[in-house]
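Descriptive analysis of the structure
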Amino acid sequence: MNATRPTTIRLTAAQAMVRWLSVQMTEEGERFIDGVWAIFGHGNVAGLGEALHGIGADLPTLRGQNEQTMAHAAIAYAKAHKRKRAMAVTSSIGPGATNMVTAAALAHVNRLPVLLVPGDVFANRRPDPVLQQIEDFDDGTVSANDCFRPVSRYFDRITRPEQLLTALPRAMQVMTDPANCGPVTLAFCQDVQAEGYDWPEAFFTPKIWRIRRPVPDAFEIAEVITAIKSAKAPVIVAGGGVIYSGAETALLDFARKHRIPVVETQAGKSALDWAEPLNFGAIGVTGTDAANAVAARADVVIGIGTRFQDFTTASWSGFSNPERRLISINVTGYDAAKHGAMPLVSDARVAIARIAAALGDQVFPEPDAALREDWYARADAVLAAPNHDGLPSDAQVIGAVQRQALPATVVMCAAGTMPGSLHTLWRAHAGGYHMEYGYSCMGYEIAGAMGIKMARPDADVVCMLGDGSYMMANSELATAVMLGLPFTIVLTDNRGYGCINRLQQGTGGEAFNNLYASSNVATQPEIDFVGHARAMGAHAEKAGSIAELEAAIAAARTRPAPSVIVIDTEAVTGTGIGGAWWDVAVPEVGTTEKLRAARAEYETRTARQRLVN
């Protein structure tokens, strides 16, 4: 008896890829890959370009200005969706592909999903070496796309059409896996993109991808519960995993029921509203005095969804109670076991529920509310408008934005002075903070703001960046104008890299090569940021004072396009309050007394580091 042969459909490999991606759905019935950012070249225009044109609105294509910043927009989109939706980015085979490597690293560090599809060389090798081909003299299988291997959670090179039958499901499995989530790179040989194949029709059946919630191991959770029950002064460190788990309400209820103070990492900030009395604010190098004081007293530190980055731990000089025990609740075993922590590999929401049930009605001593009250009183003074005619500080600019903020405001940033100052000072409503600080990538800001606005169209997105980041990557401002995406950019111009200039001098060095004034230039620049932004179609204006800045922020919300507000700031003053030590190596040999003193202080600090639990 003859078996019925499966029905097939003839498509190119590129056509099959986009059709398959268009029917991979979330639990809410939306496309998981919600669109494809594309810049075409000889490595993808005839294959993926044709396929994307053919599928049209079923998998929309968006054109950006730079492959790196397109990927930044896609990553911000995924972060704003709490990893429940993502986007793809395609490039040609050469510099377009390697432009995306930085973005892949950013997504990898931050555990965020993005699908990168760079074109690749010819699998059949007939025309080798093709335009932009990197040739390895000793390995014929290498191309420029091998640069993606160490910064991808899953990497594959598609050299035959039928390889997509396994590669695409593997890619989706990684991007929807809470522990393994991160960037996926499918290097797509350009001749293979255009090659036809008889695909099983069943391959294109819509599929729903559910993000699993790992439950705790019985032994691990019993050990953690015992440790928490015996605590005298516990503290919770809320990381990004709280937000990705959707555990914000569970965390709030848990903290209130058991009276445990909460401190926030960069990724975890806004998991709780700033006004919650048990929220003591930012922790670590860029932390509040209140949070760092609570952490220093804690005998049990409960990390939830944090990878304990050096800024969080003050390079492991924080959490200084000699009786301190470290608990790490994380979906990723790698993160849960860091620095000898007591690991609990679990989804955050599930773990919180299990621990809460075991603690019953146990309540811990009231945290010192005066720490929090004193902090905000001191922060008010730093954030207040200046009472002089000189240039404002970055903190005073933050104060202006804060006074104009709405419940729907999402403040975002990535690198320079603002991430630290915002972490320390910004009073975020729940869900109102978006920071890329795992990779602290200059140039993320404008593209990231665009991605957030695409994901959360009702949000009032405020992008804060310095002149240095603006100069590195500003071209997606034109894309935002073309797409009609309104958000507000507050551009602080301190004429250089003010944050690193302060760090340079704080570690015993001299001002050198950071501010334009201390750089090897023949002419000091007079950059017209307002004119530049206007040339790309944005509304742009210069604010001559903090009062003018506040008025401009309020007016920006009325416009259907991006608004850029430029304000000159001074480069010397930091926040002046908060913070903790950060391990930045100081030269052991130097000629100045300032450098020798900095080295002595460094050796004193490193001696206090506690590197294991």
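Before reading on, note that the structure itself is shown above.
The rules behind these values
- Residues numbered from 1 in each chain as written.
- Predicted model: local features only at pLDDT ≥ 70, side-chain atom pairs only at ≥ 80, totals over all residues.
- Heavy atoms only, no water.
- Salt bridge = Lys/Arg side-chain N within 4 Å of Asp/Glu carboxyl O.
- Helix = DSSP H or I, 4+ residues; strand = E, 2+ residues; numbered from the N terminus.
- Buried < 20%, exposed > 50% of the residue type's maximum accessible area, 1.4 Å probe, protein only.
- Patch = residues over 30% accessible without salt bridge, like charges linked within 9 Å, V, L, I, M, F, W, Y side chains within 5 Å.
- Areas by Shrake-Rupley, 256 points an atom, 1.4 Å probe, with all protein chains shown as cover.
- Pairing = 2+ DSSP bridges.
- Expected span 1.5 Å × (residues − 1).
- Arc of directions from axis to C-beta.
- Axes fitted to C-alpha atoms, helices over the stretch in contact; angles between N-to-C directions.
- Contact = heavy atoms within 4.5 Å.
- Core = buried A, V, L, I, M, F, W, Y, C linked by side-chain atoms within 4.5 Å.

1. Things to note about the pattern of salt bridges
One pass over the full model with this rule turns up 31 salt bridges. Residues Arg212 and Asp177 are paired through a salt bridge, measuring 2.7 Å at the closest nitrogen-oxygen approach. Here Asp177 lies in the loop between helix H5 (164-175) and strand E8 (183-189) and Arg212 lies in the loop between strand E10 (207-208) and helix H7 (218-229), a separation of 35 residues in the sequence. Of the charged contacts, one joins Arg403 and Glu550 as a salt bridge, the two residues approaching to 2.9 Å between their closest N and O atoms. Placement of the pair is Arg403 in helix H15 (residues 394-404) and Glu550 in helix H22 (residues 546-556), with a sequence separation of 147 residues. Classification of Arg403 by relative accessible area gives partly exposed; the value is 40%. Via salt bridges that share partners, Glu30, Arg31, Asp34 and Arg85 belong to a single interconnected network.

2. A look at a nonpolar patch on the surface
On the surface, Met472, Tyr497 and Ile500 cluster together into a nonpolar patch covering about 280 Å² of accessible area. Looking at where Met472 falls in the secondary structure, it is placed in helix H18 (residues 467-472). What makes Met472 partly exposed here is its relative accessible area of 48%.

3. Topic: the pairing of strand E20 (residues 488-493)
E20 sits mainly inside the fold: six of its six residues count as buried. Across the two faces of E20 the burial is the same, with Thr488, Val490 and Thr492 and Ile489, Leu491 and Asp493 all buried. Here strand E19 (residues 460-466) pairs with E20 via five bridges, running parallel. The residue of E20 that forms the bridge with Val462 is Thr488. Sheet analysis places E20 next to strand E22 (residues 563-568), joined by six bridges and oriented parallel. The partner of Ile489 across the bridge, within E22, is Val564.

4. Examining helix H23 (residues 593-606)
Compared with an ideal rise of 1.5 Å per residue, which puts 14 residues at 20 Å, H23 spans 20 Å between its outermost C-alpha atoms and is within 8% of the ideal. Turning to H23, its buried residues number three or more, namely Leu595, Ala598, Arg599 and Tyr602. For H23, the arc enclosing every buried residue in end-on projection is 100°, short of the 170-degree limit, so these residues lie on one face.

5. Quick notes on the sheet that holds E20
With parallel pairing, the six strands of this open sheet are ordered in space as E18-E17-E19-E20-E22-E21. Single-partner strands in this sheet number two, and they are strand E18 (433-435) and strand E21 (539-542). Pairs of neighbouring strands in the sheet enclose a mean axial angle of 20°, with direction left out of account. Strands strand E17 (409-413), E18, E19 and E20 of the sheet are contacted by helix H17 (residues 444-455), whose axis makes an angle of about 175° with E19.

6. Considerations on the sheet that holds strand E7 (residues 154-158)
Across the sheet, six strands lie side by side as E4-E3-E5-E6-E8-E7; this open sheet has parallel pairing. Here the strands that pair on one side only, and so sit at the sheet edges, are strand E4 (61-62) and E7. Bridge count between strand E5 (residues 86-91) and strand E6 (residues 114-120): four bridges; the pairing is parallel. From the neighbouring strand, Val89 faces E6, where its bridge partner is Leu116.

7. Thoughts on the side chain of Ser421
One can find Ser421 in helix H16 (residues 417-425). Discounting residues that sit within four places of it in the chain, Ser421 has contacts with Ile398, Trp426 and Thr575.

8. Points about the nonpolar core
By size, the foremost hydrophobic cluster in this structure holds 60 residues, and its most contacted members are Trp37, Val89, Tyr470, Leu477 and Ile489. With 51 residues, the next largest nonpolar core counts Val301, Tyr376, Ile565 and Ile567 among its residues.

9. Some thoughts on unusual backbone geometry
The omega torsion of the bond from Asp128 to Pro129 falls at -10°, within 30 degrees of zero and hence cis. Secondary-structure assignment places Pro129 in the loop between E6 and E7. The backbone phi angle of Phe319 is positive, close to 45°, even though this residue is not glycine. We classify Phe319 as buried; its relative accessible area is 3%.

Shape is all these values report; function is a separate question.
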